[in-house]
Amino acid sequence: MKKISLKNGVFITFEGGEGSGKSSQIKLLDSKLNKLDYETILTREPGGTAGAEAIRHVILSGSAEKLGADVEAMLFSAARSDHVEKVIRPALKSNKIVLCDRFYDSTRVYQGVTSSVDMEFLYSLERIACDDVWPDLTLILDLSVEEGMKRANARRSEDTVPDRFEKEDMQAQEIRREAFQKIAEKEPERCKLIDASGSEKQVAKRIWEVVEPLLERKSAKNG
Ligand code: TYD
């Protein structure tokens with residue numbers, strides 16, 4: 001059966017803090033879109049290609065921490081560049097919907113805000129890594145830090161070691177939440193703040209209320 005394809009695809013990124021439910025929600029949206037016959041790819045950052053997954057390991061293990069936050073930002077961007085060229089751009093060219101778990105807003109927030117990397121430097125890295133592949137929509141899952149930590153702790157098994165960024169304290173998580181909120185305020189066309197409290201089903205409904213009109217707009221342009 002012929003799948004629905006939208007000219008030049010649609011690029012949707014998911015952002016949010018610890019325990020915000022990003023990963024579950026991206027999967028729910030992916031399966032909903034597939035049921036509706038849209039062609040999708042689900043991917044994540046850092047990662048998505050063999051090279052980017054190797055960089056992911058270097059960063060999240062904490063091995064790059066001693067090189068400093070500027071270098072970490074460069075590594076995230078190098079991984080992004082590979083991911084954009086090998087996965088995201090080709091998928092959009094073949095008219096697919098790309099769902100990506102984290103993208104450059106995470107670099108702005110984690111490296112730019114909580115690790116104090118210069119924003120202008122990060123914007124330059126974005127331009128190089130994205131090379132004109134920009135998200136159509138960014139869904140920012142917003143949840144109180146307490147609730148997010150509760151969810152993340154419940155999910156983490158006793159023997160799982162927290163990664164480089166999960167080790168950071170609640171104050172850093174609070175600063176990140178506010179930074180994501182500010183991005184949503186500054187770029188209301190691209191970014192939508194989604195209330196991530198409540199049940200999975202309730203959050204999925206809030207997400208669909210934003211995604212459905214975007215797909216309708218894109219389909220209308222195609223027609
Ligand atoms: P991951 O296991 O994918 O966590 P999450 O479920 O929180 O998305 O780990 C990715 C970690 O890397 C996460 O703590 C956020 C951080 N990160 C950055 O610091 N900068 C970035 O540009 C990206 C993409 C992620």
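Everything here concerns the structure above.
Rules behind the numbers
- Residues numbered from 1 in each chain as written.
- Predicted model: local features only at pLDDT ≥ 70, side-chain atom pairs only at ≥ 80, totals over all residues.
- Heavy atoms only, no water.
- Helix = DSSP H or I, 4+ residues; strand = E, 2+ residues; numbered from the N terminus.
- Rg over C-alpha atoms; globule rule 2.2 N^0.38 Å.
- Buried < 20%, exposed > 50% of the residue type's maximum accessible area, 1.4 Å probe, protein only.
- Contact = heavy atoms within 4.5 Å.
- Axes fitted to C-alpha atoms, helices over the stretch in contact; angles between N-to-C directions.
- Parallel < 35°, antiparallel > 145°, perpendicular 65-115°, else oblique.
- Left-handed = near helix turned anticlockwise from the far one by under 90°.
- Nonpolar A, V, L, I, M, F, W, Y, C, P; charged D, E, K, R; others polar.
- Core = buried A, V, L, I, M, F, W, Y, C linked by side-chain atoms within 4.5 Å.
- Expected span 1.5 Å × (residues − 1).
- Bend = angle between axes of the 7 residues up to and from the residue.
- Near = heavy atom within 4 Å.
- Polar contact = N/O pair within 3.5 Å; in protein donor to acceptor, adjacent residues only side chain to side chain.
- Areas by Shrake-Rupley, 256 points an atom, 1.4 Å probe, with all protein chains shown as cover.
- Pairing = 2+ DSSP bridges.

1. Here's the deal with the overall build of the chain
A tally of regular secondary structure across the chain gives eight helices and five strands. In the chain, the order of α-helices and β-strands from amino to carboxyl end is β-α-β-α-α-β-α-α-β-α-α-β-α. The C-alpha atoms of the chain give 17 Å as radius of gyration, which agrees with the globular expectation for 223 residues (17 Å, within 12%). Principal axes of the C-alpha set define a box for the chain whose edges measure 50 × 40 × 35 Å. Relative to its full complement of 223 residues, the chain shows a buried share of 46%. Once local pairs closer than 6 in sequence are excluded, the contacts in the chain between residues at least 24 apart make up 79%.

2. Quick notes on the packing of helix α6 (residues 145-155) against helix α7 (residues 170-186)
Across the interface, α6 lies against α7 with an axial gap of 10 Å and an inter-helix angle of 120 degrees. Taken together, the axes of α6 and α7 are oblique relative to one another. The handedness of the crossing between α6 and α7 is right-handed. Residues V145, E146 and M149 of α6 lie in contact with α7, whose contacting residues are M170, Q173 and E174. Looking at the contact of α6 with α7, its residues break down into three nonpolar, one polar and two charged.

3. Focus: the nonpolar core
Residues I12, I97, L139, I207, V211 and L215 are the most contacted members of the largest nonpolar core, which totals 22 residues. Listed by contribution, the elements that provide at least two residues to this core are β1 (10-16), α1 (22-35), β3 (97-101), β4 (137-142) and α8 (200-222). The leading source of residues in this core is α8, at six residues. If near-sequence neighbours (up to four positions away) are discounted, L215 is found in contact with L6, V10, L33, Y38, I97 and W208. One finds A52, V109, F165 and C191 within the second-largest nonpolar core, a separate group that totals 15 residues.

4. Topic: helix α5 (residues 119-130)
For α5, which comprises twelve residues, the first-to-last C-alpha distance of 16 Å matches the rise-based estimate of 16 Å (1.5 Å per residue) to within 8%. Just past α5, the residue D131 takes up positive phi, approximately 40 degrees.

5. Here's the deal with α8
With 23 residues, α8 should reach 33 Å at 1.5 Å per residue; the first-to-last C-alpha distance of 32 Å fits that figure. In the structure, α8 departs most strongly from a straight axis at W208, where the bend amounts to approximately 25 degrees. Of the residues making up α8, those classed as buried are V203, I207, W208, V211, L214, L215 and K218. On the buried face of α8, the contacting elements are β1, α1, β3, β4 and β5 (191-195).

6. Looking at the site of the ligand
With respect to spatial proximity, 14 residues lie near the ligand, and among them K22, R56, R102, T107 and Q111 are the closest. Interatomic distance of 2.9 Å between a side-chain N/O atom of R56 and an oxygen atom of the ligand. Interatomic distance of 2.7 Å between a side-chain N/O atom of Q111 and a nitrogen atom of the ligand. Taking 550 Å² as the accessible area of the ligand by itself, protein coverage stands at 90%. At the level of elements, α2 (50-60), α3 (69-93) and α4 (104-113) are the ones that each hand at least two residues to the shell around the ligand. It is α4 that provides the largest number of residues to the shell around the ligand, a total of four residues. Its residues assigned to classes, the shell around the ligand shows five nonpolar, three polar and six charged.

7. Here we look at the sheet that holds β1
Pairing within the open sheet is parallel, and its five strands lie in the order β2-β3-β1-β4-β5. Only two strands of the sheet have a single neighbouring strand rather than two, namely β2 (40-44) and β5. Going across the sheet, the axis of each strand differs from the next one's by a mean of 20 degrees, ignoring polarity. Bridge analysis of β1 against β3 gives five bridges, and the strand direction is parallel. Of the residues in β3, the one forming a bridge with V10 is I97. The sheet strands contacting α7 are β1, β4 and β5, and the helix crosses β4 at an angle near 145 degrees.

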